[in-house]
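So the chains spell out like this:
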Amino acid sequence: MTEGASDLARLTGVRSGKNSYYPAYVRSTERTQRAVRAMDTISRAVVRTVEGPRGLLEEVARAAADHLDAGWAVLALADSHLENARPRFVVIGPDRRSVGDPTLVPENVRLELSAIRSGYAGPSARTDVWVRVPMYLEGRRVGGLAARHGLAEDPEPEDLAVLRILANQAAVSLHTSEQYQAGLSLHRRAQRLHEEARAQARDLAARTAELEAAEHRLAVAEQRELVDAERHRIARELHDSVTQYVLSAGMAVEVARGEAVHDGADALAAQLESAKSLTQTAVEQLRSAIFALTRPHSDSVASLEDLLGEVVQHHRSLLDIRVLVAGRAVALGHDVHHEVARVVGEALFNVVTHASAGRAVVRVRWLPEALVVSVSDDGDGEPAALRRMLRLERRTVRDGRHQGLANMDARVQGLGGTLTFRRSRLGGVRLTARIPLPVLRSRPGLDLSDPEEATPC
């Protein structure tokens, strides 16, 4: 027999030198046709891969059942292999549909399925009509494919080859499924860790905000305690010394007034009467100041707006005052807030005392680069006169009058800012303090002698 004839014999099982050549040829032709149909079945199973592992496994089991004319076909993984792969088994019935519930199949089918899942390799049915092939992955047995064939003759080796190809395709699909499930599990775990990290970050931010708020309240309380102690000290000084001196002066004036009346000096007596009235007014104002210094602060005074509210409240009985705030506030420290509030208080005092005004507007503007605070009134003041007066006070203090301008200027310059005066839209004067952010202390102020320096904010 030649080498070509030997290959033909191995492929078809035909030996041309025997008298049974024709029957063998017919049987070989039928086997070849079944092999072609099997290859078509395998190709159909392979293209189902895009539908996911379940679709592919069902097609593999259905192809095995069709190839062997089987009533039932089962494909399953052993319980100890590819634990994350899904599905774990597929059962195809006589109608070529998948049966998901093993309790709905005949007992011999359940036994075969249990045998494969338990890793048992031998026959499990009483009548050994099952064709079984193992399912290998990377050299280890991970499951099996079995079909209860309905062929007239026993399956041939080529039939087992077809089932092995189908089983190997199923093993690859299940391995891919397990890797996908493992990757999906890692992705979900990473998502969960990411969500937990974000939740912890939010919790940390909330706790940090609470801590900063607590520190701020503590700083406010400490500052308030220091301020209250100083206020009480000043109140004691006013009560124990200044008030007593003013009362003594009033008594001395009353004695002098009595003598002037007795001597008939009516003009002098009138002047002494006026002096007595002034001392009484001074005592009343001192008592009001002592009361204001000794009364407790409101617990809500914690920001510049709160301090300005208290300052404005002292002047509302004599002046119609509006407070306007714009921008996002910045915590500058209580000493800075206190200095700004003192400047506003001094400006409002000057408006009440000197400007003959009925209305005033306090504006606070928080800019990214500066804090701008202005006090405008509808009085009869002149910006140019105030600038000249401030220049004069900078050089020398003559009789103590209008010292408030120099005090305001010193406070603003101490914060690194500038103080300017211009005409208000209300008709009077607009005093503006511009303080750069962040606050730079002890920065020299601008020379108000130049009108260009007195531009509005």
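Residues numbered from 1 in each chain as written. Predicted model: local features only at pLDDT ≥ 70, side-chain atom pairs only at ≥ 80, totals over all residues. Heavy atoms only, no water.

Peer 1: Help me understand the sheet that holds strand β3 (residues 130-137) in this model?
Peer 2: Paired through their backbone hydrogen bonds, the strands of a sheet run either parallel or antiparallel. Overall, antiparallel pairing links the four strands, which are arranged β2-β1-β4-β3 in an open sheet. Looking along the sheet, the strands with just one partner apiece sit at the ends: β2 (89-92) and β3. The average undirected angle you get between the axes of adjacent strands in this sheet is 10 degrees. Here β3 pairs with strand β4 (residues 140-148) via eight bridges, running antiparallel. (Pairing = 2+ DSSP bridges. Helix = DSSP H or I, 4+ residues; strand = E, 2+ residues; numbered from the N terminus. Axes fitted to C-alpha atoms, helices over the stretch in contact; angles between N-to-C directions.)

Peer 1: Would you explain the side chain of H149 in this entry?
Peer 2: Locating H149 in the fold gives a position in the loop between β4 and α5 (157-263). The exposure class of H149 is buried, given its relative accessible area of 15%. With residues up to four places along the chain from it excluded, the contact list for H149 reads L68, D69, A70, V129, V131 and P155. (Buried < 20%, exposed > 50% of the residue type's maximum accessible area, 1.4 Å probe, protein only. Contact = heavy atoms within 4.5 Å.)

Peer 1: Can you walk me through the confidence of the model for the protein in this structure?
Peer 2: Detailed reading of the predicted model is not advised wherever pLDDT is low. Per-chain confidence: the protein averages 76 in pLDDT, with 74% of residues scoring 70 or above. Predicted confidence for residues 1-17 stays below pLDDT 50, and this span has 13 contacts to residues more than four positions away or in other chains. Across residues 442-457, where pLDDT falls below 50, the model places 37 contacts with residues more than four positions away in sequence or in other chains. (pLDDT = per-residue confidence, 0-100.)

Peer 1: How do you make sense of the pairing of β4 when you look at a structure like this?
Peer 2: Looking along a regular strand, one sees side chains alternate from face to face of the sheet. Inspection of the sheet shows strand β1 (residues 72-77) paired to β4 by six bridges, in the antiparallel sense. The residue bridging V74 from the neighbouring strand is A146, located in β4. Between the antiparallel neighbours β3 and β4 lie two residues, among them E138 with a positive phi of about 55 degrees.

Peer 1: Explain the pattern of salt bridges here, please?
Peer 2: Pairs can form between side chains of opposite charge whenever their charged atoms are close. Counted under the stated rule, the structure contains nine salt bridges. Close ionic contact of R96 with D66 constitutes a salt bridge, the shortest N to O distance being 2.6 Å. Here the residue R96 occupies a position in the loop between β2 and α4 (107-118), and D66 occupies one in helix α3 (residues 53-67), the gap between them amounting to 30 residues. Judged by its relative accessible area of 40%, D66 falls in the partly exposed class. (Salt bridge = Lys/Arg side-chain N within 4 Å of Asp/Glu carboxyl O.)

Peer 1: What is the right way to read the packing of helix α7 (residues 304-313) against helix α8 (residues 334-354) from this model?
Peer 2: What describes two packed helices is the angle between their axes and the distance between those same axes. It is at 9 Å that the axes of α7 and α8 come closest, and there the two elements cross at 25 degrees. Viewed along their axes, α7 and α8 adopt a mutual orientation that is roughly parallel. Judged by the twist between their axes, the crossing of α7 over α8 is right-handed. Counted together, L304, L307, L308, V311 and V312 of α7 and H337, H338, V340, A341, V344, G345 and L348 of α8 form the full contact between these two elements. (Parallel < 35°, antiparallel > 145°, perpendicular 65-115°, else oblique. Left-handed = near helix turned anticlockwise from the far one by under 90°.)

Peer 1: Sorry if this is basic, but what is going on with unusual backbone geometry here?
Peer 2: Where the residue is not glycine, phi is negative for most of them; where a peptide bond is considered, it is trans in most cases. Here the amide bond leading from L437 into P438 is cis, since omega sits at -5 degrees, within 30 degrees of zero. For P438, the position within the fold is in the segment after β9 (429-436). Although it is not a glycine, R96 adopts a positive phi angle of roughly 65 degrees. Positive phi outside glycine occurs at S356, with the angle close to 55 degrees. In this fold, S356 is placed in the loop between α8 and β6 (359-366).

Peer 1: Explanation requested: α4 in the structure shown.
Peer 2: For an α-helix, the turn length of 3.6 residues means that residues three or four places apart are oriented alike. With twelve residues, α4 extends 16 Å between its outermost C-alpha atoms, agreeing within 8% with the 16 Å of an ideal straight helix rising 1.5 Å per residue. Looking at α4, one finds that the buried residues are V109, E112, L113, A115 and I116. Here the buried residues of α4 occupy an arc of 160 degrees about the axis, which is enough to place them on one side. Turned more than 90 degrees away from the buried face of α4, the exposed residues are E107 and S118. The elements touched by buried residues of α4 are β1, β2, β3 and β4. Where α4 ends, the next residue or the one after it, G119, has phi of about 90 degrees, a positive value. (Expected span 1.5 Å × (residues − 1). Arc of directions from axis to C-beta.)

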